[in-house]
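The primary structure of each chain is shown beneath.
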Amino acid sequence: MNETSLKKSLSKLNLGGLRYFDSIGSTNDEALAWAAGGANDFSLVVADEQTQGRGRLDRKWFTPAGSALAFSLILRPSAPELPHLSRTVGLAALSAADSCLKLGLAPRIKWPNDILVNGKKTAGILVETVWAGDEADSLVVGMGMNVYKPSVPPMDSLHFPATSLENELGNEPPAREQILREILTAFLSWREKIGADELVQAWEEMLAFRGEQVQIQSGGGAHVTGRLDGLESDGSLRLRGEHDNSVIIRFGDVKLRPIA
Ligand code: BTN
């Protein structure tokens, strides 16, 4: 992947702007600064390598050169989108999942932000907000997808089993810029439905461990267990507790694990 091949592949997408880096600290950091400086809606930062890639819960995200997709998309929400911004991670997850489906894989979304293929993490999403007072001025949707085998982090650094598209396909995946085009094309079409029930239904249908017993661990150390039931309209997770009670898990400092 290089700037020329990327521009060519994305030429029909009407991006607000494009910045490509052979190597960068974190595309999310670059995008947050660009957004704060007035970037247009649907501007994109892409890097071949990240040296300070970040995940949720202050985790490191591994992006060695030549192996992965790492990008950050800047959104400037329109007035009708503002009430639905909590669905953005689902919108991004569905877009990534659609690109895996197109490759003949069977992806699942591990709430809130991971794409699993055959039960192993293949992509992760980190949504960050630039605030203007109480209102979101812009959102940065960062996504990392493990495309080739070297993008899979070393086993001893993993919090959850991981894989790559190449591993799961058993052969060479398409070029990364082509996969990125598929993800962004799907994103544009899901974005039109951000306020529609259809988006939450599709997200719910794609959830990993649906109907199974799971445990939610919060950063404070508390654990909640229950059967994974579905999603609330804002994208919060709904579990069914042992007394058939609903337990709602909001986005935040939480980890989801299946109970074997
Ligand atoms: C996670 O699984 O915790 C989210 C991982 C998000 C990684 C992507 S890679 C592109 C963008 N830049 C970053 O520093 N992080 C996101």
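This structure is a prediction, so every number in the text was calculated from the model and none was measured.

(A) Representation of the sheet that holds strand β6 (residues 120-132) in the model. Strand order in the open sheet formed by 7 strands is β1-β2-β3-β7-β6-β5-β4, with mixed pairing between adjacent strands. Of all strands in the sheet, those bounded by a partner on one side alone are β1 (17-24) and β4 (107-110). Each strand of the sheet is rotated relative to its neighbour by a mean of 20°, with strand direction disregarded. Bridge analysis of strand β2 (residues 43-50) against strand β3 (residues 68-75) gives 5 bridges, and the strand direction is antiparallel.

(B) A look at empty space enclosed by the protein. Summed over the entire model, instances satisfying the criterion amount to 1 cavity of 30 Å³ or more. By volume, the largest cavity amounts to about 60 Å³. Along the walls of the largest cavity sit Leu75, Pro77, Glu81, Leu85, Thr88, Leu91, Leu139, Arg191 and Ile194, which together make up its complete lining. Taken together, the residues of the lining of the largest cavity sort by class into 6 nonpolar, 1 polar and 2 charged.

(C) Representation of the packing of helix α3 (residues 88-102) against helix α6 (residues 197-205) in the model. Between α3 and α6, the least distance of the axes is 10 Å, while the angle of their chain directions is 60°. The angle between α3 and α6 places the two elements in the oblique class. Between α3 and α6 the crossing geometry is left-handed. Between α3, through Val89, Gly90, Leu91 and Leu94, and α6, the contact on the second element is made entirely by Leu199, Ala202 and Trp203. A per-class count over the contact of α3 with α6 returns 6 nonpolar, 1 polar and no charged.

(D) Representation of the pattern of salt bridges. In this structure the tally under the stated criterion is 18 salt bridges. We note a salt bridge from Glu232 to Arg238, for which the minimum N-O separation is 2.8 Å. Note on Arg238: relative accessible area 17%, which makes it buried. Of the charged contacts in the structure, one is a salt bridge between Arg250 and Asp234, with a shortest N-O distance of 3.7 Å.

(E) Region of interest: the packing of α3 against helix α5 (residues 176-191). The N-to-C vectors of α3 and α5 enclose an angle of 130°; their axes lie 8 Å apart at closest approach. Compared by their axis directions, α3 and α5 come out oblique. Note on packing geometry: the crossing formed by α3 with α5 is right-handed. Counted together, Leu91, Ala92, Leu94, Ser95, Ala96, Asp98, Ser99 and Lys102 of α3 and Ile179, Glu182, Ile183, Ala186, Phe187, Trp190 and Arg191 of α5 form the full contact between these two elements. By residue class, the composition of the contact of α3 with α5 is 9 nonpolar, 2 polar and 4 charged.

(F) Main features of the site of the ligand. Around the ligand there are 20 residues in total, and Ser26, Gln50, Arg54, Arg56 and Lys121 lie nearest to it. The contact in question runs from an oxygen atom of the ligand to an N or O atom on the side chain of Asn113, over 3.4 Å. Between the ligand and the protein, one listed contact pairs an oxygen atom with a side-chain N or O atom of Lys121 at 2.5 Å. Here the ligand has 420 Å² of accessible area as a free molecule, and 98% of this is covered by the chains.

(G) Spotlight on the domain arrangement of the chain. Looking at the assigned domains, one finds that the chain contains domain 1 (3-205) and domain 2 (213-258). One C-alpha centre belongs to domain 1, the other to domain 2; they are set 24 Å apart. Each side of the interface is counted separately: domain 1 has 14 residues, and domain 2 has 19 residues. In total, domain 1 and domain 2 occlude about 1,300 Å² of area from one another, counting both sides; carbon and sulfur atoms represent 60% of this.

(H) Here's a closer look at the packing of aromatic side chains. This model, assessed by the stated rule, comprises 2 aromatic pairs. Ring geometry for Phe42 against Phe187: centres 6.4 Å apart, planes inclined by 35°, an arrangement best described as tilted. Of this pair, Phe42 sits in the loop between α2 (27-36) and β2 while Phe187 sits in helix α5; the two residues are 145 residues apart in sequence, bridging distant segments of the chain. The two residues Phe42 and Phe187 agree in class, both being buried.

(I) Molecular detail of the nonpolar core. Of all hydrophobic cores here, the largest spans 63 residues; its most connected members are Phe71, Trp111, Met145, Leu180, Leu184, Trp203 and Leu237. In terms of residue count, the dominant contributor to this core is α3 (8 residues). Here this core gathers at least three residues from each of two domains, domain 1 (3-205) and domain 2 (213-258). Excluding its chain neighbours within four sequence positions, the residues that come into contact with Leu237 are Trp111, Leu207, Ile216, Leu228, Gly230, Leu231, Val247, Ile248, Ile249 and Leu256. Counting 8 residues, the second-largest nonpolar core is a separate cluster that includes Ala31, Ala35, Val45 and Val140.

What counts as what
Residues numbered from 1 in each chain as written. Predicted model: local features only at pLDDT ≥ 70, side-chain atom pairs only at ≥ 80, totals over all residues. Heavy atoms only, no water. Pairing = 2+ DSSP bridges. Helix = DSSP H or I, 4+ residues; strand = E, 2+ residues; numbered from the N terminus. Axes fitted to C-alpha atoms, helices over the stretch in contact; angles between N-to-C directions. 1 Å grid on protein atoms, 1.4 Å probe; cavity = no way out; pocket = protein on both sides within 12 Å on 5 of 7 lines; lining within 4 Å. Points joined across faces, edges and corners; volume = space filled by probe spheres on them. Nonpolar A, V, L, I, M, F, W, Y, C, P; charged D, E, K, R; others polar. Parallel < 35°, antiparallel > 145°, perpendicular 65-115°, else oblique. Left-handed = near helix turned anticlockwise from the far one by under 90°. Contact = heavy atoms within 4.5 Å. Salt bridge = Lys/Arg side-chain N within 4 Å of Asp/Glu carboxyl O. Buried < 20%, exposed > 50% of the residue type's maximum accessible area, 1.4 Å probe, protein only. Near = heavy atom within 4 Å. Polar contact = N/O pair within 3.5 Å; in protein donor to acceptor, adjacent residues only side chain to side chain. Areas by Shrake-Rupley, 256 points an atom, 1.4 Å probe, with all protein chains shown as cover. Domains from an automatic or database assignment. Buried area = accessible area lost by both parts, 1.4 Å probe. Phe/Tyr/Trp six-rings, centres within 6.5 Å; stacked < 30°, edge-to-face > 60°. Core = buried A, V, L, I, M, F, W, Y, C linked by side-chain atoms within 4.5 Å.

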